[in-house]
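Given next are the chains, with one letter for each unit.
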Amino acid sequence: MNYTTKQIAEITNSQLIGDETAEVKNIAYDSRTIFSEANSAFLAINTSKNSGEKYIQSAIDKGINIIISEHYHPQYENITWIIVRNSIQFLQQIAKYHLQQFQLKTIGITGSNGKTIVKEWLYQSLFHDYATVKSPKSFNSQLGLPISLLEINKKHQLGIFEVGISKPKEMELLEHIFSPEVGILTHIGSAHSSNFEYVDELIDEKIKLFVNSKTIIFNGDSDLVCKKLADAYSVKNLISFGFNSTNNVSIKNDWKNKSQGVIIQYFEEEFSVPIHQRDEATISNALCVVCVLKEFGIENSIIVEKLNSLKSVEMRLESVNGIRNNLIINDSFNLDLDSLKIAFQNINEYNRPHKTLILTDFVEGKDSDRLYQEVAAITNEQNFKTVFLIGDEITKLEGLFTATTFTFSNTTELIESVNLNQIEDNLILLKGARKFEIDKVKSYLELQKHDTVLEVNLNSILHNINVHKALLKPKTKMMAMVKAYSYGLGGYEIAEFLQHHHIDYLGVAYADEGVDLRKNGITTPIMVMNPEQHSYNIIIDYNLEPEIYSFRVLELFNEKLTQKGIQHRYPIHIKLETGMNRLGFKTEELQELIEKLRSMNVKVISIFSHLSSSDDESERDYTLQQIETFGNSSEILIEGLPDQPIRHILNTSGITNFADHQFDMVRIGIGMVGVSASSEIKKQLKSAVTFKTVISQISPIEIGDSVGYNRKFKANKNTRIATIPVGYADGIPRLIGNNVGFLGIRKELYPIVGNVCMDMMMIDIGDSPAKEGEEVIIFNSNPSLEDFACYCNTISYEVLTSISRRVKRIYIKD
Ligand SMILES: *Cc1c(COP(=O)(O)O)cnc(C)c1O
């Protein structure tokens, strides 16, 4: 986009204060991901949950001087303001106006699954024929669509946009700003996984996108979808695809048989296409792509070529720890200006002071000089210390880059260069076109290759937090329990992510856990539950807040404060004993506690207690009793104290089972990982942890052969044994050997046979098609963490915290 502030105000009927001629080329609404201040405006978005106006200061700090918001904040100087009535409507208005300025073909994709893949594949298939703009990887919020539409410019001939909705009534709004000429409905999932009560309602809502479409291409395997589209849109060009032969476009042969192509029945016509990966989702997405290409008049032979060159869509940004304390962010799927901008936004989320960029030629570039000028301009704003350029074209323009820049004609040259080998303590962003294979750089820089990893999906953690938040009042605060190395998932990585997402408090067990977090840049308040006497010094030095659970601790800690000459009233948290009988002040101690606290140099930040059985339906009365005791005792304390402490008692299952008693804050732990005692909530959570490895060796054995130490397994038929490089030293309890536990390969479960060894175990894989080197799931979805805990005769908490430190943790962000 490119409008003056005056034009923007006029288009959206808003008030302008300040410079009328300033140009706006980019609207940012997340102050953390602002990657370019030149010609950028910050839009403060207000929702029912949050006000973006809180972040105006931080946008201004980043150099932005045009602010769009619902309220005027006169205290800032030299800022141009556009005052809007409603921030979200503003964005939609400007996007709609912008789209109307162009004549381009449009494709809108909705559905429950496959939207992003279909969009990326259509892009891969069509961008050579049409200058194409698309929504970024998976960016489908109410804000994402208008933001993507604003990327359209006059060179574009085709726009492919994903239109995701999460709530009833959203589609109508979106259709009002974007009415695609070709509408696509991919697979529709069950209503359970959404905010819709019935599938009926979900379909009705999604198909509203097609009100003004000429052609609708849809997955016709659901009778209900077919009926609804036929009823609503009989006059439009409807094309159904899917596995049922009743569809206009379907599969003619046995698609699972990989020795032949997939034969597509396209209306009256039949033709064979190459599809390498043979699972239902892939085939279905490919059918959808074929329908669109046919609709665009592309010949069969060309369609075959295009399908042949489709690349898998890497949906996630991968971050791995590199050698020399570098952090490597690998985003080398496709390289265009849009994806480069998004990568720049993403790396801003990592708090690394020094950054390096590795960038290759843009293969698609037509008007390459102008393209590279723009690339250099946005790159120069990112403050990279070092830039490595690879390829014949981009290196010619080395002079445009202001960072220390090195050039190479190919990736191998880069890997061999001394300069790359001197980079340390940097975030290294890899951004390259496929043909340069800069994945090789990642492998080269990666710390150590481990076959066995504990993979933590940070987005799932955030999702799970939000599922719990949805059960609470908007004002209720949340403390994330990151004790015991974040339940075994990692040290500061989880805390850093939670801090980035504005968690209110962090909770750790011991002072040194808190110190580690502080040393890694965590500034969120941290409560320490077991403040040991020898650690009072570092608690105070690192600004940690102790849990005070007895007079002994209170007095010793207060002495330390006096001894260190602390002037301000030091923040503490008071723990009350209400029924766990572990730590805490008892009801009869309250009066004395009040007197002591009043005489000391401390400030009570919060009063809390812990539920012993919130996950246990049969102990409901006991829990309610605990809550009542807590309510009464904490009230007495609050009345007696000068401070206004907040109160909290609910842990994860407390949130799900006793949300009425949320007080001012809750403490989430295991729920972040995706575990819940409530089956209703469990359905909405995502499993955030995958413990996986690969098969080291497969050996056929015969009847009577034995496996492992002490010959505890003897085959009663000929079979195949897979050896897995994980054993009790990795935290797998030995008791799951000998047919007690199971591991997953290709979604099937196989029994652990014989005794578990220190570093290995064996599973009986029978005639599974699995090969050596193939992935083995210790737990994720099948078996799940809960299943695995059940094999081990314990609970999920113990499974996670037992996984030894030698297992590499990796963190994934979508
Ligand atoms: C660990 C812990 C929690 C979190 O418990 P979950 O069941 O994992 O949610 C909450 N409060 C206290 C005091 C804890 O020690």
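Residues numbered from 1 in each chain as written. Predicted model: local features only at pLDDT ≥ 70, side-chain atom pairs only at ≥ 80, totals over all residues. Heavy atoms only, no water.

1. Looking at the overall build of the protein chain
The test is simple: A run of H or I in DSSP counts as a helix once it spans at least four residues, and a run of E counts as a strand once it spans at least two, with each numbered from the N terminus. Within these notes, the globule rule equals 2.2 Å times the number of residues to the 0.38 power, and the radius of gyration is based on C-alpha atoms. Three labels apply to residues, based on accessible area from a 1.4 Å probe with only protein chains included: buried if under 20% of the type maximum, exposed if over 50%, partly exposed otherwise in between. Residues are treated as being in contact if the distance between any of their heavy atoms lies within 4.5 Å. The accessible surface values rely on the Shrake-Rupley method and a 1.4 Å probe; as for residues, cover is taken only from the protein chains in view.
The number of helices and strands found in the protein chain is 27 helices and 41 strands. By the compact-globule yardstick of 28 Å for 814 residues, the protein chain fits well, its C-alpha radius of gyration being 29 Å. Each of the three principal axes of the protein chain carries a C-alpha extent, and together these read 85 × 85 × 65 Å. For the protein chain, with 814 residues in total, the buried portion stands at 55%. In the protein chain, once contacts between residues fewer than 6 apart in sequence are set aside, the share between residues at least 24 apart is 65%. Summing over all exposed atoms, the protein chain offers an accessible surface of approximately 36,300 Å²; the carbon and sulfur share of this is 46%.

2. Describing the UniProt feature "modified residue: N6-(pyridoxal phosphate)lysine" (unreviewed entry) in the protein chain
Quick note on the threshold: UniProt positions are given in the numbering used here, feature names are shortened, and annotations may be inferred rather than shown by experiment.
Residues annotated by UniProt as "modified residue: N6-(pyridoxal phosphate)lysine" (unreviewed entry) correspond here to Lys483. Structurally, Lys483 can be placed in helix 16 (residues 483–487). Apart from the residues within four sequence positions on either side, Lys483 is in contact with Gly507, Val508, Ala509, Glu513 and Met529.

3. Quick word on the site of the ligand
Threshold: Only a single heavy atom is needed: when it lies within 4 Å of a molecule or strand, its residue is near that molecule or strand. Pairs of N or O atoms are called polar contacts if they sit within 3.5 Å, as long as, within protein, a hydrogen donor faces a hydrogen acceptor (for residues adjacent in sequence, only side-chain-to-side-chain pairs).
Surveying the vicinity of the ligand reveals the residues Met481, Lys483, Tyr487, Met529, His610, Asn651, Thr652, Arg667, Ile668, Gly669, Ile670 and Tyr797. Contact between the ligand and Tyr487: an oxygen atom at 2.6 Å from a side-chain N or O atom of the residue. At 2.4 Å from an oxygen atom of the ligand is found a side-chain nitrogen or oxygen belonging to Thr652. Starting from 390 Å² of accessible surface for the ligand in isolation, the protein chains cover 94%.

4. A look at the domain arrangement of the protein chain
How we decide: An automatic or database domain assignment supplies the start and end points of every domain.
Entries for the protein chain in the domain assignment read domain 1 (3–91), domain 2 (102–308), domain 3 (317–447), domain 4 (456–683) and domain 5 (689–813). Taken over C-alpha atoms, the centre of domain 1 sits 38 Å from the centre of domain 4.

5. Some points on the sheet that holds strand 6 (residues 66–69)
Sheet strands pair via backbone hydrogen bonds, and the direction of the pair is either parallel or antiparallel. Keep this limit in mind: Whether two strands pair depends on DSSP finding at least two bridges between them. Interaxial angle, 0 to 180 degrees, is taken between N-to-C directions of lines fitted to C-alpha atoms, where a helix line uses only the stretch in contact.
Spatial ordering of the open sheet is given by 2-7-6-5-4, a layout of five strands whose pairing is mixed. A strand with exactly one partner marks an edge of an open sheet, and here the two such strands are strand 2 (15–17) and strand 4 (26–28). Within the sheet, the average angular offset between the axes of one strand and its neighbour, ignoring direction, is 25°. Two strands pair when backbone bridges link them, and strand 4 and strand 5 (residues 40–43) are joined in this way by three bridges, in the parallel orientation. Within strand 5, the residue paired with Ala28 across the bridge is Phe42.

6. Let's talk about the environment of Ile752
Tracing the chain through its elements places Ile752 in strand 38 (residues 748–753). Ile752 has contacts with Ile736, Gly737, Asn738, Asn739, Gly741, Phe742, Leu743, Met761, Met762 and Ile763, leaving out every residue within four places of it along the chain.

7. What about the side chain of His468?
Structurally, His468 can be placed in helix 15 (residues 458–469). Residue classification places His468 among the buried residues on the basis of a relative accessible area of 0%. Setting aside residues no more than four positions away along its own chain, His468 makes contact with Met478, Thr652, Ile655, Thr656, Ile668, Gly671, Ile681 and Leu685.

8. Section: the UniProt feature "active site" (unreviewed entry) in the protein chain
Cross-referencing UniProt, the feature "active site" (unreviewed entry) maps to Lys483 and Tyr709 in the present numbering. Spanning 227 residues, the annotated positions stay apart in the fold, the maximum distance between their C-alpha atoms being 36.6 Å. Residue classification places Lys483 among the partly exposed residues on the basis of a relative accessible area of 25%. The residue Tyr709 is located in the loop between strand 34 (706–707) and strand 35 (713–714) in this model. Once residues within four sequence positions are removed from consideration, Tyr709 is found in contact with Asn755 and Cys757.

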